[in-house]
Amino acid sequence: MKDKYKLVGPIYDWLSAVYSGKSIHRCKVAMLDRLKPGDKVLFAGVGHGKDAVHAAKLGAKVTVVDLSETMLKKFQANLDKEGITIKIRQVHSDIMKVEEYEQYDMVVANFFLNVFDEAMMVRVLEHLIKLGKPGAHVVVGDFSYPTGNLLSRAFKVAYWYGAVLFFWAFAGNAVHKIYNYPESMKKLGLHIHDQKYYQLFLLNCYWSVLGRKPV
Ligand SMILES: C[S@@+](CC[C@H](N)C(=O)[O-])C[C@H]1O[C@@H](n2cnc3c(N)ncnc32)[C@H](O)[C@@H]1O
C-alpha cells in the first residue's frame, strides 16, 4: 500500500492552519452538532482527525479510515499528546474496501473527495452513501464552488489551484476544477439539508454540506 502522504502527512494540519487560519477546522466540525451520543460515525480519509476527536467527545462511536499509515500515526500521536482515552476505531484501508454497508448514522468526508478525479470522486461518494443507514447524514466539507463577482471567483479559483498543485506535487492528488458537491450529492439521491460557509478574507472559500439519505 503506497503511502502518498509520507512527506506531507506529518505537517498536514499545520499547513492547513497556515493556509486558512481557523476556517478549515471550523468547516470540518460544522455539522457534528447533529450527532447524538451513541451515533455511529465514520470519517473517510481522516488525516490528523481533530474533527473525529470532536465527534468522540460528543459521545459518538467513531470509526476513522485512512489509506496513509503516516496520517494514522499522526492521528494516534495527537490522541496520545492530548491524553484522549475515548475509544476510536482506526482502520488502515482504502475506503473502497470498507464494506460496512448501512452501518453508520453519519459519514463524514472532510477535504477527502477533492483528492480524486471527477469520475472517481463520484464513485467514492456513491460508496460513502452506501455506508450510511437509511436516513443517515452524509457530510462533505471542502473548498466551496466559486460564486460571486468576477474578482471573487478569480481569487477562489487561484486559491484552490495553489492547494491542488501543491498536493499534486507532494501527494500525487488529481488536478481538477473545484467540485460542486451539492450537485453530485443530489444526483446520487441525497437531500441537501444544510450548507454552511467559512471565510477567508471575507470570501466564502469553504463549505460544509449536509446531505441526508432517504429513509
Ligand atoms: C487531503 S487529506 C484530508 C485529511 C482530513 N480529512 C482533513 O480534513 O484534514 C486526504 C486524506 O485522505 C486519505 N486518503 C486518500 N485516498 C484514500 C482512500 N482511497 N481511502 C482512504 N483514505 C484515503 C489520505 O491519506 C489523507 O489522509
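These numbers come from a predicted model, not from an experiment.

Caption draft 1: Spatial organisation of the sheet that holds strand S7 (residues 203-212). Spatially, S3-S2-S1-S4-S5-S7-S6 is the arrangement adopted by the seven strands of the open sheet, whose pairing is mixed. Taken across any chain shown, the strands that pair with only one partner, and hence form the sheet edges, are strand S3 (89-92) and strand S6 (191-200). For this sheet the average axis-to-axis angle between neighbouring strands, irrespective of direction, equals 15°. In this fold helix H4 (residues 69-82) packs onto strand S2 (61-66) and S3, with an angle of close to 165° to the strand it touches most, S3.

Caption draft 2: Seen up close, the site of the ligand. Around the ligand lies a shell of 18 residues, among which Lys28, Gly45, Asp66, Ile95 and Asn110 are the nearest. Here a nitrogen atom of the ligand and a backbone polar atom of glycine 45 are 2.7 Å apart. Between a nitrogen atom of the ligand and a main-chain N or O atom of asparagine 110, the distance comes to 2.7 Å. Protein coverage of the free-state accessible area of the ligand, which is 590 Å², stands at 94%.

Caption draft 3: Geometry of the pairing of S6. Strand direction decides the pairing type here: S6 and S7, joined by nine bridges, are antiparallel. Within S7, the position partnered with leucine 200 by the bridge is leucine 203. Where S6 hands over to S7, the hairpin turn is made up of two residues, of which phenylalanine 201 adopts a positive phi near 50°.

Caption draft 4: Focus on the packing of aromatic side chains. Counted according to the given criterion, the structure contains 18 aromatic pairs. Taken together, a centroid distance of 6.2 Å and an interplanar angle of 70° make the contact between tyrosine 159 and tyrosine 206 edge-to-face. Of this pair, tyrosine 159 sits in helix H6 (residues 150-171) while tyrosine 206 sits in strand S7, placing them 47 residues apart in sequence. In this structure tyrosine 159 comes out as buried when scored by relative accessible area, which is 10%. Plain terms: the ring middles of tyrosine 179 and tyrosine 181 are 5.8 Å apart, the flat faces sit at 85° to each other, and that makes the pair edge-to-face. Here tyrosine 179 and tyrosine 181 have matching classes, each one buried.

Caption draft 5: Quick peek at the packing of helix H1 (residues 12-20) against H6. Remark: H1 packs on H6, axes separated minimally by 12 Å, with the N-to-C direction vectors making an angle of 160°. In this view, H1 runs roughly antiparallel relative to H6, as classed from their interaxial angle. Considering how the two elements wind past one another, H1 and H6 form a crossing that is right-handed. Residues Tyr12, Leu15, Tyr19 and Ser20 of H1 touch H6, and the partners they reach there are Tyr159, Trp160, Gly162, Ala163, Phe166 and Phe167. Residue composition of the contact of H1 with H6, by class: eight nonpolar, two polar and no charged.

Caption draft 6: Main features of the side chain of threonine 63. Take threonine 63: it is sitting in strand S2. With residues up to four places along the chain from it excluded, the contact list for threonine 63 reads Val41, Leu42, Phe43, Arg89, Val91 and Tyr104.

Caption draft 7: Molecular detail of the pattern of salt bridges. Enumeration over the complete set of coordinates arrives at eight salt bridges. Two residues, lysine 186 and glutamate 183, come together in a salt bridge whose shortest N-O distance is 3.5 Å. With lysine 186 and glutamate 183 both in helix H7 (residues 181-187) and three residues apart, this pair spans about one turn of that helix. Residue glutamate 183 is classed as partly exposed on the basis of its relative accessible area of 37%.

So, how was this worked out
- Residues numbered from 1 in each chain as written.
- Predicted model: local features only at pLDDT ≥ 70, side-chain atom pairs only at ≥ 80, totals over all residues.
- Heavy atoms only, no water.
- Pairing = 2+ DSSP bridges.
- Helix = DSSP H or I, 4+ residues; strand = E, 2+ residues; numbered from the N terminus.
- Axes fitted to C-alpha atoms, helices over the stretch in contact; angles between N-to-C directions.
- Contact = heavy atoms within 4.5 Å.
- Near = heavy atom within 4 Å.
- Polar contact = N/O pair within 3.5 Å; in protein donor to acceptor, adjacent residues only side chain to side chain.
- Areas by Shrake-Rupley, 256 points an atom, 1.4 Å probe, with all protein chains shown as cover.
- Phe/Tyr/Trp six-rings, centres within 6.5 Å; stacked < 30°, edge-to-face > 60°.
- Buried < 20%, exposed > 50% of the residue type's maximum accessible area, 1.4 Å probe, protein only.
- Parallel < 35°, antiparallel > 145°, perpendicular 65-115°, else oblique.
- Left-handed = near helix turned anticlockwise from the far one by under 90°.
- Nonpolar A, V, L, I, M, F, W, Y, C, P; charged D, E, K, R; others polar.
- Salt bridge = Lys/Arg side-chain N within 4 Å of Asp/Glu carboxyl O.

None of this, on its own, says anything about what the molecule does.
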